[in-house]
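Chain and residue survey
Residues per chain are reported as follows:
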Amino acid sequence: MNSFDWNAAGDVLPLVLQGFEVTLLATVLGTLVAAVLGLAVAVAGRAPSRFVTVPVRAVMEFIRSTPLLVQLVGAAAFFTSVEPLTIGIVVLGIHYAAYTSEVYRAGIDGVPKGQWEACRALSLSPRRTWQAVVLPQAVRKVLPALGNYAISMFKETPFLAVITVQEMVFEARRYGADHFAYTEAFTLAGLVFLVASYPTSLLMRKLEKRLGH
């Protein structure tokens, strides 16, 4: 069994951290896309017209039923003139919007019926009802779940390597191939994932307990 080469680990660490910056950027921007688009989909899903709800639900079901890897490769093959990182961020955001929309839907459904009735009794417009009453309550309830999806997205960013986005795993694999030091490269990449995601998971648990009271 080969021993761990600390010199190789020292050489690959800057590359892994460089890739971490790309990973973090993709996660943050992808989460923003998923949060905004997921909310829009959840609201559209409650539209009175089936001409809106049926296509929206069909598209979301298609996205949930196909692998992220296939979506990335398909988007990269179709949008050849777009930067791979941009494609990765958008695809991640749309993919996770299909799931965050369900989270938002559950939060909206959890708003007591009395709140809706009170808004109608006060003659509040639908827009005012959503902005001032429904969404503040719904979003507060689903924040921990949204945070957990952000963590899941972070851990799935290695899929971006298949469309040549130079995130952590891409850099680790490239160094390993050039120097025959896969163990050191992937070990460090895994440790960075652990250090970044585990404390965030603990924070989401605390937030969930706090908001649950």
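Please read these numbers as outputs of a predicted model, since none were measured by experiment.

Once that is clear, we can look at the overall build of the protein. Helices and strands together make up the secondary structure of the protein, namely 8 helices and 0 strands. Each of the three principal axes of the protein carries a C-alpha extent, and together these read 70 × 45 × 25 Å. Split into buried and exposed, the 213 residues of the protein put 37% on the buried side. Once local pairs closer than 6 in sequence are excluded, the contacts in the protein between residues at least 24 apart make up 77%. When the accessible area of the protein is evaluated, it comes to approximately 12,600 Å², of which 65% is carbon and sulfur surface. Averaging the positions of the 18 positive and the 14 negative side-chain charges in the protein gives two centres separated by 19 Å.

Here the focus is a nonpolar patch on the surface. Together, Leu24, Leu25, Val28, Leu29 and Leu32 line one region of the surface with nonpolar side chains, adding up to about 400 Å² of accessible area. Tracing the backbone through its elements, the reader meets Leu24 in helix α1 (residues 6–44). Classification of Leu24 as partly exposed rests on a relative accessible area of 39%.

The nonpolar side chains of a soluble globular protein tend to be buried, and buried together. Among the nonpolar cores identified, the biggest contains 15 residues, and Val12, Val16, Met168, Tyr175, Ala185, Leu188 and Phe193 are the most heavily contacted of them. Only α1, α7 (168–179) and α8 (182–212) provide two or more residues apiece to this core. The element contributing the most residues to this core is α8, with 5 residues. Other than its neighbours up to four places away in sequence, Val12 contacts Tyr175, Glu184, Ala185 and Leu188. In terms of nonpolar packing, the next biggest core, distinct from the first, is built from 14 residues, Leu68, Tyr96, Met153 and Val165 among them.

This paragraph deals with unusual backbone geometry. At Thr164, a residue that is not glycine, the phi angle is positive and equals roughly 70°. Looking at the element boundaries, Thr164 is found in the loop between α6 (126–156) and α7. For Thr164, a relative accessible area of 48% puts it in the partly exposed group. Its identity as a non-glycine residue notwithstanding, Phe180 has a phi of 55°, on the positive side. Among the residues examined, Phe180 registers a relative accessible area of 74% and is labelled exposed.

So, about the packing of aromatic side chains. Counted by the stated rule, this structure contains 9 aromatic pairs. Measuring from ring centre to ring centre gives 5.5 Å for Trp116 and Trp130, while their planes differ by 85°; the resulting arrangement is edge-to-face. Taken as a pair, Trp116 in helix α5 (residues 113–121) and Trp130 in helix α6 lie far apart in primary sequence, 14 residues in all. Given a relative accessible area of 18%, Trp116 falls into the buried group. On the basis of relative accessible area, Trp130 is assigned to the buried category, the value being 17%.

The final tally for this structure, using the stated rule, is 5 salt bridges. For Arg105, the salt bridge is made with Glu102, and the minimal N-O distance between the two is 3.1 Å. Residue Arg105 and its partner Glu102 are located together in helix α4 (residues 84–109), separated by 3 residues, close to a single helical turn. We classify Arg105 as partly exposed; its relative accessible area is 39%. Glu102 gets classed as partly exposed once you look at its relative accessible area, which sits at 34%. Put simply, Arg46, Glu102, Arg105 and Asp109 are held in one network by salt bridges that share partners.

Here we take up the environment of Glu117. Secondary-structure assignment places Glu117 in helix α5. Note: C-alpha distance between Glu117 and Gly93 (24 residues apart in sequence) is 34 Å.

Quick notes on the rules
- Residues numbered from 1 in each chain as written.
- Predicted model: local features only at pLDDT ≥ 70, side-chain atom pairs only at ≥ 80, totals over all residues.
- Heavy atoms only, no water.
- Helix = DSSP H or I, 4+ residues; strand = E, 2+ residues; numbered from the N terminus.
- Buried < 20%, exposed > 50% of the residue type's maximum accessible area, 1.4 Å probe, protein only.
- Contact = heavy atoms within 4.5 Å.
- Areas by Shrake-Rupley, 256 points an atom, 1.4 Å probe, with all protein chains shown as cover.
- Lys, Arg positive; Asp, Glu negative; His and termini not counted.
- Charge placed at Lys NZ, Arg CZ, Asp CG, Glu CD.
- Patch = residues over 30% accessible without salt bridge, like charges linked within 9 Å, V, L, I, M, F, W, Y side chains within 5 Å.
- Salt bridge = Lys/Arg side-chain N within 4 Å of Asp/Glu carboxyl O.
- Core = buried A, V, L, I, M, F, W, Y, C linked by side-chain atoms within 4.5 Å.
- Phe/Tyr/Trp six-rings, centres within 6.5 Å; stacked < 30°, edge-to-face > 60°.

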